[in-house]
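The residues making up each chain are set out below.
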Amino acid sequence: MKRQLLALQAELMKNRYSRIVWVTFIAFALAPIMGGIFILIIRDPEALAKAGGLAAKVRAMGFTPSWNSYLGVLTQAVGVGGVLVFGFVSSWIFGREYSDGTAKDLLSLPISRTRILNAKFAVYTIWCVCLVISNLLIGLFIGTILQLDLLERIWWGLEQYFITTVLTILAGLPIAFFATWGKGYLAPLGFVSLTVVIAQIITAIGYGPLFPWAIPALYSGAGGEYKASLSTLSYLILIAVSVTGYVITISYWKFADQTK
Amino acid sequence: MQIIKTNSLTKFFGTTAATDNISIQVELGEIYGFLGLNGAGKTTLIRMLLGMIKPNNGTVMLFDKELTSKFNQWNDIGYMVETPSAYPNLSVRENLMVYYKLRQLNNPLEIDFIIEKLKLSKYKDTKAKVLSMGNQQRLGLAKALMHRPKLLILDEPINGLDPEGIVEVRNLLKELSKNGSTIFLSSHILGEVAKVANRIGIVHEGKLIKELTSNELNDQLIKKVLVQTSDNARAIELLKSISHKVALSEDDDIEILDGKAIKQPENISKFLVEQGLPPRQVRLFTEDLEMFFLRTIRTKA
C-alpha cells in the first residue's frame, strides 16, 4: 500500500502545475454558466423572444427556473460533456508520458508498472470527481444568486448527478488503452471524438442503451424518453467495457514491447 | 562477477533483425562502450537489458539473475535511454522528487547531492522546459545516478553537452567505475568512448562484429610512419634497400608500415640524411577510433 501511495504522490506531483488542469475546469464550468443563462432567458420574456434558437432549445428541454431543472442541466452536462472532458483528462494523463518522452523512465523501476498505472487511474478518478464537485459548487453559487425556486427531492437529484458521474468515469477508463497503444494524445482523442459522434447516431437509431459511451448521457436524461430503455444489460455492458479497458491497458503496459 | 550477461540475444521487428545473436559479458567495475551506426541495434539492446523490449530469442542476466517480470533489483540500476526527457512544468528538483518517490528512497539529501554533483544547483528551481539541451542531459544523468546504482546503462550520455560538460561526465564515469560501479554505455562519439571504456563492442546491422579491450584496441589500430622528401621515388628505393615495407599513399606520402620504423622513426630521418635526401617531414600516424570503427564495419560487410 505504501508503494501505491508513493506512486500516487508522484502522479499528483506531475500534474501540479499543468495548465491543462485549469483548462478542463474552465471548459466544464461552461455548463453551470449556460444553465444560469437559460434561467435568465426564461425569466425575461423579452429576452426569450429575442433568443431564437436558444429559446427553442430551452423550451424543448422543458426547462424551468427551479433548482430541479438546474441540477438536471448539470447532470446532463456530466453525461454528455463529461464523456468528452473526462476522455480528454484520460488522454492527457496516459498520453503525456509519451508526448513528454518520459514513458521510458517509468518502465524499469522498483515500483511495478501496474502500480504506476493504478496511480494514473486514481488521479483520473480524483480529477473527474473534482470537476463534478466544482460544477456543483459553481451551480450552487449561481442558483443562489438567481434565487431559484425551492428544490424538491434534493437527494434524488444529487443521486442522479453522482450516478451519472460514476457511469461517465467508467466510460473513460478504456481511453487509457488508446493512449498507451497509440503512444500519445492523438489516438485517445480521436477515439473520444469518434465515440461522441457514434453515440449520437446509435442513440438516434435506438441502440443507445447498448453503446457504452451513450449510456451516461441517456442516464442523465439528455436523451429524454430513451432513459427508460436503459436496462441491467446496459450497465453490464458499460462495466464489462470499463473492466476490459482497465485490464488491457495494464496488460499492454506490462507485456508489450515499449519502443518509445 | 558478471554484472551483465546476454546469451544469443535476438530481436526481430517484422522480418528485420534489430539484434542478431548478441552475446556480451560485462564484469564488475568495467566500463563497456557499445559502438554502432544509427540503427545498428544499440538502443534495442539497451531496451532489452532494461526489460522494455522482450527478445525473440536469448536471455539477459543482470547481477547473475535472469531478467524476467519477477526481477526486482531495479534500484541497483540507473539508466538513461535515448534523448533525456523530463516533465516540462516541473523544476529540476521536482522532476528528481518524482523519481525519488517512485524509487522509494528515504534520504532527501540525495537529491541535493546529485544536483550539486551535476552542477545543476543554479537551475534547481528552473522548469525543465526552459533548460538548455546540455542541462537536460545533466538532469537525465541526475535521474540515473540519484539512487547510487551499482550498474549504469547510458545511451549517448554526452549528447548535447559542451566540451566542459563532456570532460565532467567523463571524469564522473571514471570516478563511478573506480568506486565499483559498472557502466554500459553507447555513444556515437567514438573518441570519447575510447577515453573511458575498458572494453568496446562494435555492433553493425544487429550483429556484434568485434569485441576488444582498450589494450587490444591499441594494438589493432593501424600505425605507420609518414615521410615526405624532395624525391619520393628515390627515397622509396633507398628504404626498400634496407628492408623496410614501404608504399606511396594517395596523398603522395611515403608510408612505412614495419614495426622497426614505428618504434624508432628518428632512424628513418637519420638514414635519409646520410643518403643525401633529408626528409621534409617525418611523422608517426596512429589510426583514430572513427577510422578503426569504419574499417571494421567495412571489412565485416
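Computed from a predicted model, the values in this text were never measured in an experiment. (Residues numbered from 1 in each chain as written. Chains lettered and ligands numbered in written order. Predicted model: local features only at pLDDT ≥ 70, side-chain atom pairs only at ≥ 80, totals over all residues. Heavy atoms only, no water.)

(A) Geometry of the overall build of chain B. On a plain count of helices and strands, chain B comes out with 11 helices and 15 strands. Relative to the compact-globule value of 19 Å for 301 residues, chain B shows a C-alpha radius of gyration of 24 Å, a clear excess of over 25%. Projecting the C-alpha coordinates of chain B onto the three principal axes gives extents of approximately 75 × 45 × 35 Å. Within chain B, buried positions represent 53% of all 301 residues. Contacts in chain B between residues at least 24 apart in sequence constitute 68% of all its contacts with a sequence separation of at least 6. Summed over all atoms, the accessible surface of chain B reaches about 14000 Å², with 49% contributed by carbon and sulfur. Of the charged side chains in chain B, 40 are positive and 36 negative; the average position of the first set lies 5 Å away from that of the second. (Helix = DSSP H or I, 4+ residues; strand = E, 2+ residues; numbered from the N terminus. Rg over C-alpha atoms; globule rule 2.2 N^0.38 Å. Buried < 20%, exposed > 50% of the residue type's maximum accessible area, 1.4 Å probe, protein only. Contact = heavy atoms within 4.5 Å. Areas by Shrake-Rupley, 256 points an atom, 1.4 Å probe, with all protein chains shown as cover. Lys, Arg positive; Asp, Glu negative; His and termini not counted. Charge placed at Lys NZ, Arg CZ, Asp CG, Glu CD.)

(B) Highlighting the side chain of T182 of chain B. Residues and elements named next belong to chain B. Here T182 shows up in strand β9 (residues 182-186). Residue classification places T182 among the buried residues on the basis of a relative accessible area of 0%. Within the structure, the side chain of T182 is placed 2.9 Å from the backbone nitrogen of G29, a separation counted as a polar contact. With residues up to four places along the chain from it excluded, the contact list for T182 reads I3, V26, E27, L28, G29, E30, K150, L151 and L152. (Polar contact = N/O pair within 3.5 Å; in protein donor to acceptor, adjacent residues only side chain to side chain.)

(C) Broad picture of the pattern of salt bridges. In the structure shown here, the tally under the stated rule is 20 salt bridges over all chains. Here E94 of chain B ties to R16 of chain A by a salt bridge, and the two come within 3.4 Å at their closest N and O atoms. Residue E94 of chain B is located in helix α2 (residues 92-102), and its partner R16 of chain A is located in the loop between α1 (2-14) and α2 (19-43); the two belong to separate chains. Assessed through its relative accessible area of 16%, E94 of chain B is described here as buried. Across the pair E110 of chain B and R148 of chain B runs a salt bridge whose closest N-O atoms are separated by 3.1 Å. Placement of E110 of chain B in helix α3 (residues 109-117) and of R148 of chain B in the loop between α4 (133-145) and β8 (151-155) is noted, with a sequence separation of 38 residues between them. We classify E110 of chain B as buried; its relative accessible area is 16%. On the basis of relative accessibility, which here comes to 51%, the residue R148 of chain B falls in the exposed class. Overlapping salt bridges, with partners in common, bring together E11, K14, E97 and K120 of chain A in one network. (Salt bridge = Lys/Arg side-chain N within 4 Å of Asp/Glu carboxyl O.)

(D) Structural context of the interface of chain B and chain A. The partner chain A presents 32 residues to the 29 residues of chain B that form the contact. Summed over both partners, the interface of chain B with chain A buries about 2800 Å², with 57% contributed by carbon and sulfur atoms. At the junction of chain B with chain A, the criterion picks out three salt bridges. As a salt-bridge pair, K11 of chain B and D257 of chain A come within 2.5 Å of each other at their nearest N and O atoms. Where chain B meets chain A, there are 20 residue pairs in polar contact (both at pLDDT 80 or more). Only β1 (2-13) and α2 of chain B provide two or more residues apiece to the side of chain B that touches chain A. If one sorts the elements of the side of chain B that touches chain A by residue count, α2 of chain B sits on top with six residues. (Buried area = accessible area lost by both parts, 1.4 Å probe.)

(E) The arrangement of the state of the cysteines in detail. All names here are of chain A. For the structure on display, the rule yields zero disulfides over all chains. Of the cysteine sulfurs around C128, a residue in no disulfide, the closest is that of C130, at 9.2 Å. On the accessibility criterion, C128 (0% relative accessible area) is buried. (Disulfide = S-S within 2.5 Å.)

(F) Representation of the sheet that holds strand β10 (residues 199-204) of chain B within the structure. Residue and element names in this part refer to chain B. One open sheet holds the six strands; their spatial order is β7-β8-β9-β4-β10-β11, and the pairing between them is mixed. Of all the strands in the sheet, just β7 (77-80) and β11 (207-213) have a single pairing partner and so form its edges. With strand direction ignored, the average angle separating the axes of adjacent strands in the sheet is 15°. Seen against the sheet, α4 touches β7 and β8 and runs at an angle of roughly 160° to β7. The strands that helix α5 (residues 163-178) touches are β4 (31-36), β8 and β9; relative to β9, the one it contacts most, it runs at about 145°. (Pairing = 2+ DSSP bridges. Axes fitted to C-alpha atoms, helices over the stretch in contact; angles between N-to-C directions.)

(G) How the structure looks around the packing of aromatic side chains. Residue and element names in this part refer to chain A. For the structure on display, the rule yields 21 aromatic pairs over all chains. Between F28 and F86, the aromatic rings sit 5.8 Å apart at their centres with planes inclined by 45°, giving tilted as the arrangement. Placement of the pair is F28 in helix α2 and F86 in helix α5 (residues 67-99), with a sequence separation of 58 residues. The two residues F28 and F86 agree in class, both being buried. For the ring pair F178 and W181, a centre distance of 6.4 Å and an interplane angle of 90° mean the geometry is edge-to-face. Of the two residues, F178 and W181 are both situated in helix α8 (residues 175-182); the distance of three residues between them amounts to about one turn of the helix. The class of W181 is partly exposed, set by a relative accessible area of 48%. (Phe/Tyr/Trp six-rings, centres within 6.5 Å; stacked < 30°, edge-to-face > 60°.)

(H) Spotlight on the confidence of the model for chain B. When pLDDT is averaged along chain B, the result is 90; 99% of the residues meet or exceed 70. ipTM for the predicted complex: 0.88, alongside a pTM of 0.88. (pLDDT = per-residue confidence, 0-100.)

(I) Structural context of the packing of α2 of chain B against α4 of chain B. Residue and element names in this part refer to chain B. At a minimum axis separation of 10 Å, α2 and α4 run at an interaxial angle of 30°. Overall, the two elements α2 and α4 adopt an arrangement that is roughly parallel. In terms of crossing hand, the pair formed by α2 and α4 is right-handed. Where α2 abuts α4, its residues V92, N95, L96 and Y99 lie against L139, A142 and K143. Counted by class, the contact of α2 with α4 contains five nonpolar, one polar and one charged residues. (Parallel < 35°, antiparallel > 145°, perpendicular 65-115°, else oblique. Left-handed = near helix turned anticlockwise from the far one by under 90°. Nonpolar A, V, L, I, M, F, W, Y, C, P; charged D, E, K, R; others polar.)

(J) Broad picture of the nonpolar core. Of all hydrophobic cores here, the largest spans 122 residues; its most connected members are F86 and W127 of chain A together with L102 and F184 of chain B. With residues near it in sequence (within four places) discarded, F86 of chain A still touches F28, V78, Y124, C128, L131, V132, T165, T168 and I169 of chain A. (Core = buried A, V, L, I, M, F, W, Y, C linked by side-chain atoms within 4.5 Å.)

(K) Up close: the packing of helix α7 (residues 154-172) of chain A against helix α11 (residues 232-255) of chain A. All names here are of chain A. The contact between α7 and α11 brings their axes to 8 Å, and the two run at 40°. Here α7 is positioned oblique relative to α11, judged by the angle of their axes. For the pair α7 and α11, the crossing hand works out as left-handed. Between α7 and α11, the residues in contact are L167, L170 and A171 and Y235, L238, I239 and S242, respectively.

(L) Expanded view of the sheet that holds strand β13 (residues 246-248) of chain B. All names here are of chain B. Spatially, the four strands line up as an open sheet ordered β13-β14-β12-β15, and their pairing is antiparallel. Only two strands of the sheet have a single partner each, and these edge strands are β13 and β15 (281-286). For this sheet the average axis-to-axis angle between neighbouring strands, irrespective of direction, equals 25°. Sheet strands touched by helix α10 (residues 265-274): β12 (223-228), β14 (254-256) and β15. Its angle to β12, the strand with the most contacts, is close to 25°.

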